Structures are given as C-alpha cells and as structure tokens.
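Residues per chain, in single letters:
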Amino acid sequence: MRRHRSGTTHRKSLLILAGLMLGALLSTPAAAQERESVRETQIREILLKCDGATPAQLWQLSDALIEMGAPARRPLMKAISEASISGKLCLLRALVGLESTTFAATELLKIATNEELDISERLIALELIGVSEEPDAEEGVLELLFALDPKVRLAAARALWRLETPRKSKAKQVFRDFLKAQDPDLRAEGALALAEIGDGRQPGVRKELRVLATEPGLRGKLANALIKRLMLEEAISRMQAEAERGAVGSGSGRWEHLDEIHRVLREYYDIPSQVSDKRLRASAARGMLEIPEDPNTSFMTPDEHTRWEEDMDPSYGGIGALIDPESNDFRILRPFFGGPAWNTEIKAGDVIVGVNGKNTVGLDSAEVIREIKGPPGTPVTLTIYRSGWTESKDIKVIRAKIVLPTVSHRMLPSRIGFMSISNFGEDTGTQFVEQLKKLESVEGGLNGLIIDLRWNPGGSLRTVKECLTPFLHERDPIATVRGRRIPRIERHFAGRPDRERKYPISVLINSRSASGAELMSGVLQHYSKSSDRALSRDPYVDAIVLGKPSYGKGTVQYKLELKSWPGEKFTDSARKNGWWSLGEPLTKDKNRNGRWDPGDEWMDRPTRNRRWDDAEVWTDLNGNGKWDEGEKFEDRNKDGVWNPAEEFEDENDNKVYDYGAAMRVTVARYYLPSGKNFTRERVETPEGFVYKGGVIPDIEIEPEPMKASHRAEFLELQQTEILKDYVRARWDEHKDTFRKLAHFDGRDPSAYPDFDALYESLNTRLTRQELRNVLRLRVRRAVANEIGGEIHGDLSDDPGLRRAIWEILRRMNADLSTMPEYAQLKANGGGPPAPATPEKNAEEAATESTQK
C-alpha cells in the first residue's frame, strides 16, 4: 500500500526536486571542469600509494581507477608523463581495462624495452601487453624475443602468443628452445609454457611436468593441473578417433565419396581429356566453397588468382566504369566522369552482353573484367544492351589508364555541403578530410553536411575509421571484428578529431551500399541524437540515415593461399610499408601522446610481408620496359625510391610471376558499437524465403514512379541525337541558362528555351515533366563536359538528396521562403517533399475522359 505524504513533506520534496533540476539546467563548462579536477585529484591520490606497493596492491589500486569508467581515460593518459614506474604500470593496467589498448601498449613497450629498469617492472609490462591483446604491439614484442635476459625472452613470447597475430608461431619456437636449455629452471618454464598453449605432446614436456609436479608451491600445483589436462585431452582424442573409425567401417565416411567419384571418373568416364587431375581438383574445391548463403567465399585457380591480383591494382588500363559484382548480367553501375566509357555515352544500367565478339553468357565476372581490361590506348568492342532497345549494339571503346578519385564534394545553397564517397580506398580518408575542411572553410562555416554512400561497395576498414574520426570523440568504439579463429577479436576506435562538429548530417544509402559504407552509416546512426535507431548511451552526433536498407555485407574475407597448390617461389625482400606500426619510433610527435597521429613523422622499418610484390607502377617514357632514373613512379610505400619486382623462379619461362591457388573465405564479422552485425541472411517465412539485414535507414525513400511504357521511351530518347542537337543548336545563345539549369531547374519545363515546340515535335507519350527530366540529363552532361568535371548532387531530380536537404533545414529551423532553390521542399505544409505527381499529356487525359 502506498503511504500518502503530508502537505509539508510534499512541498519540501518539490523544492528539492526543483533545486536539482535547476542545478542541472545551470550546469556549465566550469562545472564539467570541476568534475574533471575532482577526478584528477583522485588519480593523484591513488598514484601516491603506488610507490613501494606490491604487485597485488598495485592491481587493487588499478581496479579503483578502472571503476572511474570511460571519462577517466583522458586524465589517466595525462598523468602518465609525471608518474613513477609503479604508478605508470598502475595507470596503464587501468587503461587496458578501459580498452585504451593502443595508447597503453605503446607506453608499456617503452617500459619493457628499457634495460635500465628493474627486471620485475619490465616483466609486468610485457604481461600487460599480452592482456591488452593489441595487435599493433607485435613488432616491438618480436624484438624482445632476442633480449639477453631469458626472463624477458620468455615473457615476450608469452605476450606474443596472447596477441594472436600471424607470427605467434615464433613464440612457440622460443618455448621449445627453452625446453632444450641446460638450465633446469629454463627447461621447466619452457615445459609449462608449451603445456599451457596446448603443445603438451612436444617431446620432453611430459617428463619435465612430472618432475615439477613433485615441487611444493604454486609451480608444482600448476604442473599437476597441466598433466591432468593433457590426460583429459588425450582421452577425448581417443574417443573421437574411435568414433571416426566406426563411421568409416560402417560405410558412412564423410569424405570417401570424393575418392570414389574420382576413381570412377578416371576408370569409366568416356572423355578422359576432360578429367585431368588439375581440373578435377579445381572443380572439387570450387564446389566445396559454393555456399549459397555466403557468395563472398570462393575458390580461385592460379589463373583466377593472378587476375584477382591484377584487379586489385588501383591504376589499370580499362574503360572507366564500375560493374555490379553481384549481377549475373554484367550490369554497369556507373561510368566514371571523363573516362572512355563516359566519352562513348555508355550509361548506368547498361548490360555488357559481349566483349570483342565473345558472348558473356556463362562467363564469371573475373573473366569478363579480364577481357575488358588491357593496355592503355588499345581498343575493346563492347556489345551493349539497354532496356528499351530492340537489339544490342556494338560500342568501340579505347582503353585508358584509370586512376579513380573516390571522394567528390560540392557546396549546395545555404552553405550545405555535399560529399560523395564512391569506395573506401587507401587514400580516401585523406581526400575526405581535406575536402571536408575545404567545405568548412567558407565564410560562416557549414550549416549542414550530406554524405552520399549510395552505390559504395566498401573497402578498407582503416579508411572508414579515418572518415568517421572527424565526427566522433577520441577512442569512441567504431567496430569489433570477431571470428572463430582468424582473426582474433579486434576492436577499432576513432582517432583524435581536429575539432568538434555540431552541424546536422544526412547520410544517404541504398541497396548497393555495402561493407564499409554500412559501417560508416551504422556508426553515425548509433551515436546520433536525432535518430530513432540510435543505441549509444550518450548520443551527440546530429545525423540521420536516409534511403533504402543497405546490402548487408558485415563479413570479413581473408585471401588464403593454398600451401598444397603454391605459386612460384620468390625472394621476400624487406621493404617499408608506408604506414606506422606500433613499436616504430616517432621522430615528430606533435601532441606528444606517444603514438602516431596524422601529420606525425616516424621511422618506417623495412619488414617482409610474406607475399610477392610487383614493381611499383611507373611511366615508361622511352618504352624500354624498365625503370630509368627520372621517370615518374607511384611511390606506394612512400620510401622515396622506386622498388622493382621481387625476384622469383620463373618455372614456365613466361616472364611473369604465377600465383598459386587461393581461397577467399569469410573468417569474421563486423559488429557495430551496439553489438549488432548487419550481414544479410536468408530467413524462412510463411510466404517463403526472404533476406533480412543491412543498415535500416531512419527514413526510407522511394523512387519517383514512372509507367513502364514511359520508362522505355525515356531511356530510348536518351540515346537519340534529338536532345543532343537541341542543346548544341542553342548552346551559344543560352549557355548561361543551361549552366544554371544543370545545377537547379526548379522542375519547371518552361525554364528551357523553346520547350513547348520541342515537346510538340516529339509526339511523345512522356509527360512534360518526364521530358524535362530526360532533357536535363543531356544539359547536365553538356555542362559537365564544358567545366571538365562531374556535377555532383542533383537538387531537382534526386528525391533522396531533396529529402536529405529538407531534414537538414528542418533541424536548422530554416525559413524556406527565403531560399528559392528549396521552395519546392515546402510541399505538404512544410513537411518532407512529396513525390512529383506525373502530369497527364493530352492523349492520356482524353483516354481517361472517354473511359469515364
């Protein structure tokens, strides 16, 4: 039963509540600074207790720091510089617990490599590096495997093993070396380490453990426990082997049917030339990796692997068009401005049905792309089919070297910035930040920003982090990568933004936004204070995601080269890689935080990458096939010198390196900060199978409707010379008008010179609005050719962009009546723009009247 308060008590409660609310409303930056000061005072008090403390006491003090939570990260980092070694270890363990692993591992390496410090302090630092599971610490830990002190070598090996990096096997070799040592203590440590990592069957381990088990104390108890674990593992292995032998004996073996099929083909198949061992191996491997639910896992023969490596080259000879990798009909997603395909007027949506007379039916995408690519300056004939055409057409394209910019920008009216990211390449992050700052440098600054990720297939996770960093707080979680075995759990965080950005953001996605594009849009949505789908505990980004649900590729693929089908042998030379790795010394640390930030300089140490490296691309001015001093080259690893191809054994004397077979296999998944993975999965429903997944936009946007018969005529009219002649005939007189209409035409057909006469002359089924649309495409193309650059962002005919603008203006509380370019957005009484209602031409109106 609820007890009723007296009137006086109730009034007192209200006064207390009002005081609390008033205090919250009057909270100022000064109050925040006061809280920060209190936190720093608490940290200093704890650090005073660290000197002379035992390791157990240090850990208790560190736990107290961890309990302060994420807001303590920055003051903890600040306190590092003035703390004693014991205090630093206490602070760094707390930072590891608060997931600031990159910073912590960098500082811990400084302690671990400092030979002037007490050995116990160096060993604790190495133990904490292992606990951090920070992969960037690998290089620094590897160096300590060769330390003079065996205790340091052993601790470094244990740390390396816990880092779960590809070179963790070096740690196992150190443990085995210890097992062979003359010193009994070193042998004991080697045996314990090998048993702990599951290598207890190594000769000599069991013998050493039995001797240790007789010792009193913790080491004896540990040896006893490890012996029991080894015995249990052996028992389980025996049971599994017996179960498998029973399955084979009963004729239900899991793989025997493959041997049987192979034997039958070799003995009975009537066309033996078609069943070479090489072909059968490839077919079996391809079939095993054909997983309907996961099209990203696949097998590559040596030839396919070679072509795949060529496709990954960022500069190549081709037609300059993006082909949809998911379509079976080799559909062009979009031609790149100014490229060969653009200049021949190949359109988005065109289907390549033939290349140089070869039908593409039955070919996979790698084969088609291989046929299309070739030396710059050489011709390729594409057979193109377009919706609305009665038959396909041959179009001759002259290949060119394609270097693709991945970021473009434009300033829209009312200081709304527009940025489009086509994919996340190696340099995309730098391009994005530079162009963002350029937009922000206008007088008065940006009022809002639109980020267009439509048709973006993804790319480098490092680049996605660089593009997200300007909008987030330092060390904000971006993604977690988890898999069964490869790779280990990876956590990725935002870097340090150059300043705080509070303007509203609209993010555009569609069904072809995949992987990195989904990660970027999903992270912004997570931290958004404006999104209904935000899941952050403390949202502060003003972002809304608009469009259609994204593709749903939240998986990570590794390319694994098969040891059983290797490529040609090569010499793996040590080269610089062009980016900072943990352990590499900084020569210019601007903010003195002990780790690399954009603009810092470092000593890039040459390393071996265990893969064959081709020569850096260069301009062969004299055509002699080799690089000569003075010829320009693409300095990929930024070492200032041209790097030739690594030497290899040319077994077939074809003058090119031949790769072995490989497989692209899904090994892990991306998880957003909320823990959600956005991979598309097939789900069974009463109505049948449907695919669910992807990033779900806050606002879904449907394309403007058009009748099928009208669309066919719309597409056909694009290809005729009529509209091209219309623009050419009026260009000199109306050049300025066309330039304005290309950027914005207010959806007004009468804005075009002689539009009525053109409409009447065509005798078309298209409405006036639809003809305006197709005519505007021709005008935009003519203006783009004149200015030498693509016109990004279509204010008139892109419903997604119009809605993105409206959402920014709404959050700005803008007066649309003062913005003529956006006046149409006042549809529905100031709400979001309604789809344009198709006009009826005279013929349709008459038909409709007759039917009534």
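Because the structure is predicted, anything quoted here is derived from the model rather than measured.

Participant: Break down the pairing of strand β20 (residues 662-671) for me, citing the residues and quoting the values.
Facilitator: Burial of β20 is extensive: seven of the ten residues sit out of reach of the surface. Across three bridges, strand β1 (residues 298-300) lies against β20 in antiparallel orientation. Bridging from a neighbouring strand, Met300 pairs with Ala662 of β20. Relative to β20, strand β13 (residues 477-483) runs antiparallel, the two sharing four bridges. Along β20, the bridge assignment pairs Val481 with Tyr670. Inspection of the sheet shows strand β17 (residues 555-561) paired to β20 by seven bridges, in the antiparallel sense. From the neighbouring strand, Lys559 faces β20, where its bridge partner is Arg664.

Participant: Now, about the sheet that holds strand β16 (residues 543-547): what can you tell me, with residues and values included?
Facilitator: For sheets, the rule is that strands pair by backbone hydrogen bonds, running either parallel or antiparallel. As summarised here, the arrangement of the six strands in space is β10-β11-β12-β15-β16-β23, forming an open sheet in which the pairing is mixed. Edge positions in the open sheet fall to β10 (407-412) and β23 (699-700), since each of these has one partner strand only. Of the strand pairs in this sheet, β10 and strand β11 (residues 416-421) are connected by six bridges, and their pairing is antiparallel. Bridging from a neighbouring strand, His409 pairs with Met419 of β11. Contacting β10, β11, β12 (448-452), β15 (505-509), β16 and β23, helix α26 (residues 799-812) runs over the sheet at an angle of about 160 degrees to β15.

Participant: How would you explain the sheet that holds strand β8 (residues 393-398) if you had to name every residue and give the values?
Facilitator: What the four strands build is an open sheet, ordered β6-β5-β7-β8; its pairing is antiparallel. Each edge of the open sheet is held by one strand with a lone partner, namely β6 (358-359) and β8.

Participant: Tell me about the side chain of Ser550, residues and numbers included.
Facilitator: If you trace the backbone, Ser550 turns up in the loop between β16 and β17. A polar contact is formed between the side chain of Ser550 and the backbone nitrogen of Val695, at a distance of 2.6 Å. The residues contacting Ser550, other than those within four sequence positions of it, are Ile509, Asn510, Ser511, Ser513, Glu518, Gly693, Gly694 and Val695.

Conventions we followed
- Residues numbered from 1 in each chain as written.
- Predicted model: local features only at pLDDT ≥ 70, side-chain atom pairs only at ≥ 80, totals over all residues.
- Heavy atoms only, no water.
- Buried < 20%, exposed > 50% of the residue type's maximum accessible area, 1.4 Å probe, protein only.
- Helix = DSSP H or I, 4+ residues; strand = E, 2+ residues; numbered from the N terminus.
- Pairing = 2+ DSSP bridges.
- Contact = heavy atoms within 4.5 Å.
- Axes fitted to C-alpha atoms, helices over the stretch in contact; angles between N-to-C directions.
- Polar contact = N/O pair within 3.5 Å; in protein donor to acceptor, adjacent residues only side chain to side chain.

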